[in-house]
Amino acid sequence: MIAARHFEPYVEFAKKAFAREATYRLEVLTEVGSLVLRVYILRSLWTALYAQNLAPIGLPLHGMITYATVALLMSLILEVDGTRLIREKIREGSIATDLMKPISLPTYFFSDGVGQTLLHALLVVPSLACALLLVHIDVPPPATLAVFALSFLLGYCVNFFINFLMNAIAFWTLETFAIQMIVRWVSDLLSGQIIPLTFFPGVLGRLVFGLPFAAVYSTPLLIYVGIIPRTAWMPSLEIQCGWLLAFAGLSHLVWRAASRRVVIQGG
Amino acid sequence: MLGAYVQYWRTNLLTMLEYRANFIMWFAFTIVYHGVALGALYVTMRQFPSMNGWDFRQMFFLYALWMTGHELHNALFFNVVSVPEFVREGRFDRFLVRPLDALFQVLTVPAQLFPDGLILAIATFVFATAYAHVRVDWIFCVFAPLVIAGGALIDLGISLGVATVSFWFVRVDTLRWVVMSLEQDFTRYPISIYTRGVRVVLTFILPFAFMNFFPAVYFLHKATTGMQIDPRLGLLTPAIGLGWFFVSYAFWQVGLRHYQGTGS
C-alpha cells in the first residue's frame, strides 16, 4: 500500500507526458507515414542485395527483412528521448526549483519518458499493420518472443541511462547538443539498428559486440531472428543486465555530483 | 545586394571564430554523420559486394555526389530551414517591411555558418572520383560543378517547399525531418532497386534521382538494365535544378501572399 502511494505521483507524470505527446497529431501521423516508406526502402534494398550475392550464413532474406522491420518498429520506442527535459530545464534554470520539490527527479524524468514512450508504443500497432502490407515478418515461437520482450525491456533501460548521462552533461556545459547527436549517430550504426552487427568483419566485429550499444538493439533483435540460439539466451541477457547496472550506477554518481553542483552555485 | 551578402559572410566567419569550441563539435558531427553513412555502406557491401551491379567504389561516388550538392545547399541556403521558426516567433514579419526580397533576407540572417561541410564534401568528392576511377575529361570538369550546383538547387527547392508550408501550418518540424531523411535514404542507393512507380516519383515529382543517380550513371558509364534511359539524362541536372527552384519559388510567392493576406 505504502509503496503504491509512493509511486502514485509518478504514474500521474507519465499520464501527463502521454497526453502532451498525443496533442501533436499531425506529427504522429507523419511518423507512421515515414516508417512505412522506410519499410519499403529496406525491402527494396535487401531484396536487391540478396538477389545478386551469396546470402550470409544463418540469415536468409526473410530473416533479414524481419530483422530490419522489427528494428524500425523498435526505433519508434527507443528514439524517444525522455530525458531531453533535463537539458531544457537546465537551460531555463527551472531545474533549481525542481530540485526543491519532494520528488525524486530522476524517477520523474523516467516516468515522463515512459509516458512519452507509451504513446509511441501505440504507434507500433498501425505501423505494423501498414508494414505487413509491404513485407512478411517471421514470428518466432512464444518462448523466443518472451525472451525477446525481456531483452527489449533491458535494452530500453540501457538506452534510457545512456540518454540520461548525455543530457546530464548539460550540468557542466550547455553546448551538449552536438555531443548528443554524435553519440546518437554512432550508436545507430554500432547498436545494430541499421545493419546486423554480425556483418562487421574480424576485429571490428568483436569490438562492436563488446560495446554497450549492442545491448540496445542488437541483442533483442538477434534473439528474435534466432541468430542467438536458445543456449546463449542467458549469457546475452546477463551482459545486458551488466551494462544496465553499470550505467545505472554511473548515472547515480553523475546525478549526485550534478545536484551538488547546482546547490553550490546557489541555484 | 552583393555588398550586403559579402557583409553577411564576414559576420558569419567572425562569429565562428568567437565560438570555436562549438564550431569544432559541429564539424565533428558533420564528419560522424557522413562517416556513419559510408561506414554502414562499407560493412554492408563487404557482405554483399554488388548492389544491382554497383560496387562499393561506385556507391561511394554516388554518395559523394549527393553529399557535395547537399553540403553546397547547407552552406548557402541553410537559413531557409529556419523559416518556420521565424514565422512562429513573429520574426518573419520584419522581412516583409524592408525593401529587399524576403527570400534574400532570410538567406542572409547571420547564423554562425561556416562552409566546413562543403569543404569536407569537396575533399570527399575528389577522393571518390579517383577511388571510383572516373574518367576526368573536359566534360567531367565542366559538368561536375554544374551537376553539384543543380543538386544544391534541387535541395533548395525541397527546403523552400517545406518552409512555405509553414505559412499555413505552424508546426512543420516533423515534415521537414521526414523529407530530409527520405531524401537521404532514397539517394543512397541506385534507384534501379526500386519499383517502377517509385522511380517515376524520384525522377519527375521529387527529382532526387537527378542529384546523384542519373549523373553518376553518366560519369561511371553504368548500364542501367531494365530502365531504358539515355545516360546523357544525367547532364540535365543543372536544368532540372533551375526549373525545380523556379517552381518552388512560385509556391513560396503564393505562400507569402497568403501570409500577408491573413495578416497572421
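Keep in mind that this is a model prediction, so the values were computed, not measured.

> Could you clarify how one ought to interpret the overall build of chain B in this entry?
Scanning chain B from N- to C-terminus turns up twelve helices and zero strands. Counted from the first residue to the last, chain B has its helices and strands arranged as α-α-α-α-α-α-α-α-α-α-α-α. Its C-alpha atoms give chain B a radius of gyration of 19 Å, within 12% of the compact-globule value 18 Å for 264 residues. With respect to the principal axes defined by its C-alpha atoms, chain B has extents near 55 × 40 × 35 Å. In chain B, buried positions account for 37% of the 264 residues. Partitioning the intrachain contacts of chain B with sequence separation of at least 6 by distance along the chain shows that 77% fall at a separation of at least 24.

> I tried to follow the overall build of chain A on my own but got confused; where do I start?
Across its full length, chain A holds eleven helices and zero strands. Beginning at the N terminus, the succession of helices and strands in chain A can be written as α-α-α-α-α-α-α-α-α-α-α. Radius of gyration (C-alpha) of chain A: 20 Å, near the 18 Å computed for a compact globule of 267 residues. A principal-axis box enclosing the C-alpha atoms of chain A has dimensions of 65 × 40 × 40 Å.

> Would you explain the packing of helix α3 (residues 61-78) of chain A against helix α10 (residues 218-225) of chain A in this entry?
For any two helices packed against each other, the geometry comes down to the angle between their axes and how far apart the axes lie. Residue and element names in this part refer to chain A. Orientation of α3 relative to α10, taken along the N-to-C sense of each, is 140°, at an axis distance of 10 Å. The two elements α3 and α10 meet at a crossing, and its hand is right-handed. The residues of α10 that touch α3, namely those facing Gly-63, Thr-66, Tyr-67, Val-70 and Ala-71, are Leu-221, Tyr-224 and Val-225. Partitioned by chemical class, the residues of the contact of α3 with α10 number six nonpolar, two polar and no charged.

> Quick question: what am I supposed to make of the interface of chain A and chain B here?
Accessible area lost upon the coming together of the parts is a frequently used measure of interface size. Of the residues lining the interface, 30 residues belong to chain A; the matching set on chain B comes to 30 residues. Among the elements that make up the side of chain A that touches chain B, the one with the highest residue count is helix α2 (residues 25-52) of chain A (13 residues). Class assignment for the residues of the side of chain A that touches chain B results in 20 nonpolar, five polar and five charged.

> Is there a simple way to think about the environment of His-62 of chain A in this case?
Residues and elements named next belong to chain A. Mapped onto the fold, His-62 is located in helix α3. Distance from His-62 to Thr-47, taken between C-alpha atoms, is 9.2 Å for residues 15 residues apart in sequence. In this structure, His-62 is in contact with His-136 and Asp-138, ignoring residues within four places of it in sequence.

> What am I meant to see in the packing of helix α3 (residues 56-77) of chain B against helix α7 (residues 116-131) of chain B here?
Residues and elements named next belong to chain B. Where α3 meets α7, the closest approach of the two axes is 8 Å, and the angle between their N-to-C directions is 155°. In terms of axis orientation, α3 runs roughly antiparallel to α7. In this structure, α3 crosses over α7, and the sense of that crossing is left-handed. On α7, the residues touching Arg-57, Phe-60, Phe-61, Ala-64, Leu-65, Met-67, Thr-68, Glu-71, Leu-72, Asn-74 and Ala-75 of α3 are Gly-117, Leu-118, Ala-121, Ile-122, Thr-124, Phe-125, Ala-128, Thr-129 and Tyr-131. For the contact of α3 with α7, the class distribution of residues is 13 nonpolar, five polar and two charged.

> Would you mind going over the confidence of the model for chain B with me for this structure?
Across chain B, the average pLDDT comes to 86, with 96% of residues at 70 or higher. Per the prediction output, this complex has pTM 0.86; the corresponding ipTM is 0.83.

> How should I be thinking about α7 of chain B in this particular structure?
The α-helix winds at 3.6 residues per turn, so residues separated by three or four positions along the chain end up facing the same way. All names here are of chain B. When the terminal C-alpha atoms of α7 are compared, their 22 Å separation across 16 residues agrees well with the 22 Å that a helix rising 1.5 Å per residue should span. Residues of α7 that are buried include every one of Gly-117, Leu-118, Ala-121, Thr-124, Phe-125 and Ala-128, and no others. Across the axial projection of α7, the buried residues extend over an arc of 120°, all falling on one side. Residues of α7 that are exposed and point more than 90 degrees away from the buried face comprise Ala-123 and Ala-130.

> What am I meant to see in the environment of Cys-141 of chain B here?
Residues and elements named next belong to chain B. The topology assignment puts Cys-141 in helix α8 (residues 138-165). Taking the C-beta count within 10 Å as the criterion, Cys-141 has 9 such neighbours and is therefore assigned exposed. C-alpha of Cys-141 to C-alpha of Phe-204: the two residues are 63 residues apart in sequence and 27 Å apart in space.

Criteria and cut-off values
Residues numbered from 1 in each chain as written. Chains lettered and ligands numbered in written order. Predicted model: local features only at pLDDT ≥ 70, side-chain atom pairs only at ≥ 80, totals over all residues. Helix = DSSP H or I, 4+ residues; strand = E, 2+ residues; numbered from the N terminus. Rg over C-alpha atoms; globule rule 2.2 N^0.38 Å. Buried ≥ 20, exposed ≤ 12 C-beta atoms within 10 Å, placed from the backbone. Contact = placed C-beta atoms within 7 Å. Axes fitted to C-alpha atoms, helices over the stretch in contact; angles between N-to-C directions. Left-handed = near helix turned anticlockwise from the far one by under 90°. Nonpolar A, V, L, I, M, F, W, Y, C, P; charged D, E, K, R; others polar. Parallel < 35°, antiparallel > 145°, perpendicular 65-115°, else oblique. pLDDT = per-residue confidence, 0-100. Expected span 1.5 Å × (residues − 1). Arc of directions from axis to C-beta.

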